[in-house]
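Chain and residue survey
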Amino acid sequence: MTIDYRGPQCGCGKSGCIEVLCSGPAIARRARGRLAEPGCKDSIMMTLSGGNLERVQTETVAEAFRRGDSLAAEVLKATADFLTVWLGNVIDLLEPDVIIFGGGIAELMSAYFGHIREELSHWSISLGFALPKEKEQPLMDKSGQVLQDEEHEAAAL
Ligand SMILES: [Zn+2]
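Residues numbered from 1 in each chain as written. Predicted model: local features only at pLDDT ≥ 70, side-chain atom pairs only at ≥ 80, totals over all residues.

Considerations on the overall build of the protein chain
This is how the line gets drawn: Here a helix means four or more residues in a row that DSSP labels H or I, a strand means two or more in a row labelled E, and each is numbered from the N terminus. Put simply, a residue is buried when 20 or more other C-beta atoms lie within 10 Å of its own C-beta and exposed when 12 or fewer do; between those, it is partly exposed, and each C-beta is set from the backbone. Whether two residues are in contact depends on their C-beta atoms, placed from the backbone: they are in contact if these lie within 7 Å.
Looking only at helices and strands, the protein chain has 8 helices and 0 strands in total. Seen in sequence order, the protein chain has helices and strands lined up from the N terminus as α-α-α-α-α-α-α-α. Counting every position in the protein chain, which comprises 157 residues, the buried fraction comes to 22%. Once local pairs closer than 6 in sequence are excluded, the contacts in the protein chain between residues at least 24 apart make up 52%.

As for the environment of Phe 82
Within the secondary structure, Phe 82 is located in helix 5 (residues 70–94). Here the alpha-carbon distance between Phe 82 and Ile 18, two residues 64 residues apart in the chain, equals 7.6 Å. Residues contacting Phe 82, with those up to four places away along its chain left out, are Ile 3, Leu 21 and Cys 22.

Examining unusual backbone geometry
Phi is positive for Glu 95, close to 45°, though the residue is something other than glycine. Tracing the backbone through its elements, the reader meets Glu 95 in the loop between helix 5 and helix 6 (103–109).

Brief notes about the packing of helix 5 against helix 7 (residues 113–123)
To be explicit about the condition: Here an axis means a line fitted to C-alpha atoms, over the contact stretch when the element is a helix, while the angle between two N-to-C directions is reported on a 0 to 180 degree scale. An angle counts as roughly parallel when it lies under 35 degrees, as roughly antiparallel when it exceeds 145, as roughly perpendicular when it falls between 65 and 115, and as oblique in every other case. Working rule for handedness: look at the near helix, and if it is turned counterclockwise from the far one by less than a right angle, call the crossing left-handed; if clockwise, right-handed. Lys, Arg, Asp and Glu make up the charged group, whereas Ala, Val, Leu, Ile, Met, Phe, Trp, Tyr, Cys and Pro make up the nonpolar group; the residues left over, Gly among them, are polar.
Where helix 5 meets helix 7, the closest approach of the two axes is 9 Å, and the angle between their N-to-C directions is 45°. One element, helix 5, and the other, helix 7, form an angle in the oblique class. The two elements helix 5 and helix 7 cross, and the hand of that crossing is right-handed. Together, Lys 77, Ala 80, Leu 83, Thr 84, Val 85, Leu 87 and Gly 88 of helix 5 and His 115, Ile 116, Glu 119, Leu 120 and Trp 123 of helix 7 make up the contact between the two elements. A breakdown of the residues in the contact of helix 5 with helix 7 according to their chemical character gives 7 nonpolar, 3 polar and 2 charged.

The analysis is restricted to geometry; functional conclusions fall outside its scope.
This is the structure we're talking about:
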């Protein structure tokens with residue numbers, strides 16, 4: 001789903017789709033772009049990458065964020081803003097009862113769930129929709145058994 005038609009080209013062939021703007025590689029690419037700007041060399045991400053922008057990965061952003069790096073926080077907030085636009089479209093289209101985020105990026109982005117929740121009132125027109133309280137729960141199969149990481153992909157097929 002495209003959320004910025006002027007956005008970068010994705011491997012799927014579309015421009016500015018959710019994957020090219022919010023995936024792990026997208027977060028790393030956004031961080032490298034910011035680090036290349038003047039005045040951003042003091043970021044912890046530069047230290048963690050040995051000053052080599054090509055070595056900045058999603059994990060670099062996550063570690064810098066955990067250490068309180070303001071630029072890493074800006075990168076994640078920008079990602080949260082794109083996620084919010086996308087979620088607003090999904091909510092208006094499907095009116096889901098529950099929204100589930102999974103995977104490592106979800107854990108990384110969880111610091112911004114409150115921000116996303118607040119901003120959704122601007123990006124969704126579905127009246128009466130209320131986001132449920134955030135819960136951290138393991139994924140389960142239909143019988144209630146907790147799925148292990150390797151079973152998540154199989155269950156998604
Ligand atoms: Zn795409």
